[in-house]
Amino acid sequence: MAAATVAAEIAALPEPRGPLRRVCGDLARRVRLLAPLLDDPSSASASASSTPLADALRAARDLLQSVHHGSKIYQATRGRDGLLRDFTAVNRQIQEALDQLPYHAFDMPEEVQEQVELVHSQFKRAAARATADPPDAQLARDLAWALAGDKPCFPALLGRVSEKLQLETMADMKKESVALHEMVISSGGEPDGCVDEMSSLLKRLKDCVITQEPAAEALGGRSSSIKHKSPIIPDEFRCPISLELMQDPVIVSSGQTYERSCIQKWLDSGHKTCPKTQLPLTHTSLTPNFVLKSLIAQWCEANGIDLPKNKANSHDKKAVKSSDYDNAGLVSLMNRLRSGNQDEQRAAAGEIRLLAKRNVNNRICIAEAGAIPLLVNLLSSSDPRTQEHAVTALLNLSIHENNKASIVDSNAIPKIVEVLKTGSMEARENAAATLFSLSVVDDNKVAIGAAGAIPPLINLLCDGSPRGKKDAATAIFNLCIYQGNKVRAVKAGIIVHLMNFLVDPTGGMIDEALTLLAILAGNPDGKAVITQSEPMPPLVEVIRTGSPRNRENAAAILWSLCSADAEQIMAAKAAGGEDALRELSETGTDRAKRKASSILELMRQKEEA
């Protein structure tokens, strides 16, 4: 498991320090978020054998180790641009390795799939960005002044440089001196001809630290111990505006993350640019950064820190409670669904899918924003992933009862049936689950059956994945509560497939087969086809050895067949049913006991006749 081992090595690296700590932290966190993919038993062999992914992670590890051991002064000056290009290249290498890895086919929990997809998209964005970390203008000015040997350096200026490079103790200075020395040796001389400048700056910083440390010691042990007990908040967890730990991080269109209340105030003041990069914002929607929020929560828990209370005013609290997106964010999502750009539509449908899964307030707000008709239109998308996102988003939205009518009124049923016929396996599974959810309403049972859903549901029942087969069986059962759909199911040939499930204990579908046969046996057409399938031997075997629920359903089917057909009574008896029914009448569930007793009475009457 080479990839998992390298990822563990990256996770064990010390907390990043120095001028490139943000890009180092971002890369290390993304790799850590791949851990569930690399550790999952179902995907371990595939991901472990993925040479591109293992090689990419090794490149990431080597780069992070190089930055950790390298000169912080060099990284902030001559080496910055080259190292940032290296980070972009590593992000692209991992992205391309994930492109080649068929993780969608792995049998992983849905939450893990979604996390891997999210991290994959983050690597794509990181690889596409021209610069991974905008330069610190103040630090650049301070360094330019400090490196100019003919200018005096003020203690405040050196203090700022020392703090931002995280060269604040004599131990830091010693490490930096060693790093500069090793850099000279490894380059065979002076790298870029700048060692004299950097050594001079290091000496100035060392003198500054020497003059400051006695003053710090004079403050006494108490304040020093308090300082060391308080963990340093990673810069990535601080809002760039307030510099405080973020509680509700959101992403703006420039890709930067801010505390929701802070960036909202910035936008409400009429600003149209990103505060940090000064780039124009293409829109003002705020996208929740769930991954960063989770990482902040983990960091707080590990360091014994309570998350800060939400400082939003009552209006903001009401808005946050209503939805994970604000109104502008929802409007932006709707516009992306309408955009006609396939990538935008796919991404927006995917976001809605996740949001609708999270809570009922999201389902209400998304529907009220007008998402349902737009998602229904995307069911006809030529892009399989967009179609999967759209049908799954509708499934999640349909959990809220009031949304069911909106989905049906948007003419979704025929399009969902078409997805069920022609979509990918995941799309077909979720289409079946959506039809089941909608069929809870009795009128919808009629409409779904009339739209031709029964035959493709039977196809999914036969050739689907284990989950797909169970989704199909559940949907068919609910639809067959309506008599007209029983006839449709029988005419579509479902009985022969159910009987095959019944005699195949390895297929894992005996429970579903008996449940469906029990409801279809109450229909004259269904009863006739079951009778022609020589049902007695497998039914009697279930009554002998099955679970309590399956024995009950087998007895109910037997009763439906025997109650109006003397030949079936004799067939049941010939298959050894009498002894099995006698035992069931004593040990079965209450309903099973009643059915068994009734069939035994029919057998007795037949003998007397």
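Residues numbered from 1 in each chain as written. Predicted model: local features only at pLDDT ≥ 70, side-chain atom pairs only at ≥ 80, totals over all residues. Heavy atoms only, no water.

Here's the deal with the overall build of the protein
How we decide: Runs of H or I in DSSP of at least four residues are treated as helices and runs of E of at least two as strands, each being numbered from the N terminus. Note on exposure labels: buried denotes an accessible area under 20% of the residue type's maximum, exposed denotes more than 50%, and partly exposed covers the range between, all computed with a 1.4 Å probe on protein chains only. In this description, contact between two residues means that some pair of their heavy atoms is separated by no more than 4.5 Å.
Secondary structure summary: the protein contains 36 helices and three strands in total. The buried share of the protein, taken over its 609 residues, is 46%. Partitioning the intrachain contacts of the protein with sequence separation of at least 6 by distance along the chain shows that 70% fall at a separation of at least 24.

Digging into the sheet that holds strand S3 (residues 287–288)
Here is the rule we go by: Two strands qualify as a pair provided that DSSP identifies no fewer than 2 bridges between them. Note on geometry: axes are lines fitted to C-alpha atoms, helical ones only across the stretch in contact, with angles between N-to-C directions running from 0 to 180 degrees.
An order of S2-S1-S3 is seen for the three strands of this open sheet, with the pairing classed as antiparallel. Here the strands that pair on one side only, and so sit at the sheet edges, are strand S2 (257–259) and S3. Taken together, the three bridges between strand S1 (residues 249–251) and S2 define a ladder with antiparallel strand orientation. By the bridge assignment, Val-250 is partnered in S2 with Tyr-258. Those strands touched by helix H14 (residues 260–268) are S1, S2 and S3, and its axis lies near 95 degrees from that of S2.

Description of the pattern of salt bridges
The test is simple: In the sections that follow, a salt bridge refers to a side-chain nitrogen of Lys or Arg positioned within 4 Å of a carboxyl oxygen of Asp or Glu.
Scanning the entire structure with this criterion turns up 26 salt bridges. The partner of Glu-578 in a salt bridge is Arg-582, and the shortest N-O contact between them spans 3.1 Å. One end of the pair, Glu-578, and the other, Arg-582, are both in helix H35 (residues 577–587), four residues apart, so they sit about a helical turn from each other. Note on Glu-578: relative accessible area 21%, which makes it partly exposed. For Arg-582, a relative accessible area of 37% puts it in the partly exposed group.

Some points on the nonpolar core
The cut-off we apply is this: Side-chain atoms within 4.5 Å are what join buried Ala, Val, Leu, Ile, Met, Phe, Trp, Tyr and Cys residues into a set we call a nonpolar core.
One finds Leu-375 and Ile-494 to be the most contacted residues of the largest nonpolar core, which totals 88 residues. Apart from residues no more than four positions distant in its own chain, Ile-494 is found in contact with Ile-458, Leu-461, Ile-476, Ala-489, Leu-516 and Leu-520. Counting residues in hydrophobic clusters, the runner-up holds 56 residues, among them Cys-24, Ala-97, Met-108 and Leu-281.

With respect to the environment of Leu-395
Considering the arrangement of structural elements, one finds Leu-395 in helix H21 (residues 384–398). Judged by its relative accessible area of 15%, Leu-395 falls in the buried class. With 42 residues separating them along the chain, Leu-395 and Arg-353 place their C-alpha atoms 8.6 Å apart. The residues contacting Leu-395, other than those within four sequence positions of it, are Asn-430, Ala-433, Thr-434 and Ser-437.

Side note on helix H27 (residues 466–479)
Helical periodicity: at 3.6 residues per turn, an α-helix aligns residues three or four positions apart in one direction. Stated precisely, the cut-off is as follows: The length a helix should cover is 1.5 Å for every residue beyond the first.
Taking 1.5 Å per residue as the helical rise, H27 with its 14 residues ought to reach 20 Å, and the 20 Å between its terminal C-alpha atoms agrees with that figure. Every buried residue belonging to H27 is among Gly-468, Lys-469, Asp-471, Ala-472, Ala-473, Ala-475, Ile-476, Asn-478 and Leu-479, and all of these are buried. Those residues of H27 that are buried lie in contact with helix H24 (425–438), helix H25 (442–450), helix H26 (454–463), helix H28 (483–491), helix H29 (494–502) and helix H30 (510–520).

Some words on the environment of Arg-353
Looking at the secondary structure, you find Arg-353 in helix H18 (residues 342–358). Judged by its relative accessible area of 7%, Arg-353 is buried.

Some points on the confidence of the model for the protein
Our working definition: The pLDDT value tells you how sure the predictor is about a given residue, anywhere from 0 up to 100.
Per-residue confidence for the protein gives a mean pLDDT of 82, with 86% of residues at or over 70. Taken together, the stretch residues 44–49 has pLDDT below 50 and engages in 11 contacts with residues farther than four places along the chain or on a different chain. Low pLDDT, under 50, characterises residues 215–229; the predicted model gives this stretch zero contacts beyond four residues in sequence or across chains.

A short note on helix H2 (residues 21–33)
The end-to-end C-alpha distance of H2 is 18 Å, a good match for the 18 Å that 13 residues give at a rise of 1.5 Å each. For H2, a buried count of 11 out of 13 residues is recorded, marking the element as mostly surrounded by other parts of the structure. Of all the residues in H2, the buried ones are Arg-21, Val-23, Cys-24, Gly-25, Asp-26, Leu-27, Ala-28, Arg-29, Arg-30, Val-31 and Leu-33.

What to know about the state of the cysteines
To be explicit about the condition: Sulfur atoms of two cysteines make up a disulfide when they are within 2.5 Å.
Here the structure, examined in full by the defined rule, presents zero disulfides. The thiol sulfur of Cys-262 is not disulfide-bonded, and the nearest other cysteine sulfur, from Cys-239, lies at 4.1 Å.

Brief notes about the packing of H18 against helix H19 (residues 360–368)
Condition: Note on terminology: angles under 35 degrees are roughly parallel, angles over 145 are roughly antiparallel, angles of 65 to 115 are roughly perpendicular, and the others are oblique. When residues are grouped by polarity, Ala, Val, Leu, Ile, Met, Phe, Trp, Tyr, Cys and Pro land in nonpolar, Asp, Glu, Lys and Arg in charged, and all others, Gly among them, in polar.
Remark: H18 packs on H19, axes separated minimally by 5 Å, with the N-to-C direction vectors making an angle of 135 degrees. If you check the angle between H18 and H19, you find them oblique. Touching Ile-352, Leu-355, Ala-356, Lys-357 and Arg-358 of H18 are Asn-362, Arg-363 and Ile-366, all from H19. Residues of the contact of H18 with H19, tallied by class, amount to four nonpolar, one polar and three charged.

Topic: the environment of His-104
Locating His-104 in the fold gives a position in the loop between helix H7 (80–100) and helix H8 (110–128). In contact with His-104, not counting residues within four places along its chain, are Gln-113, Glu-117 and Arg-385.

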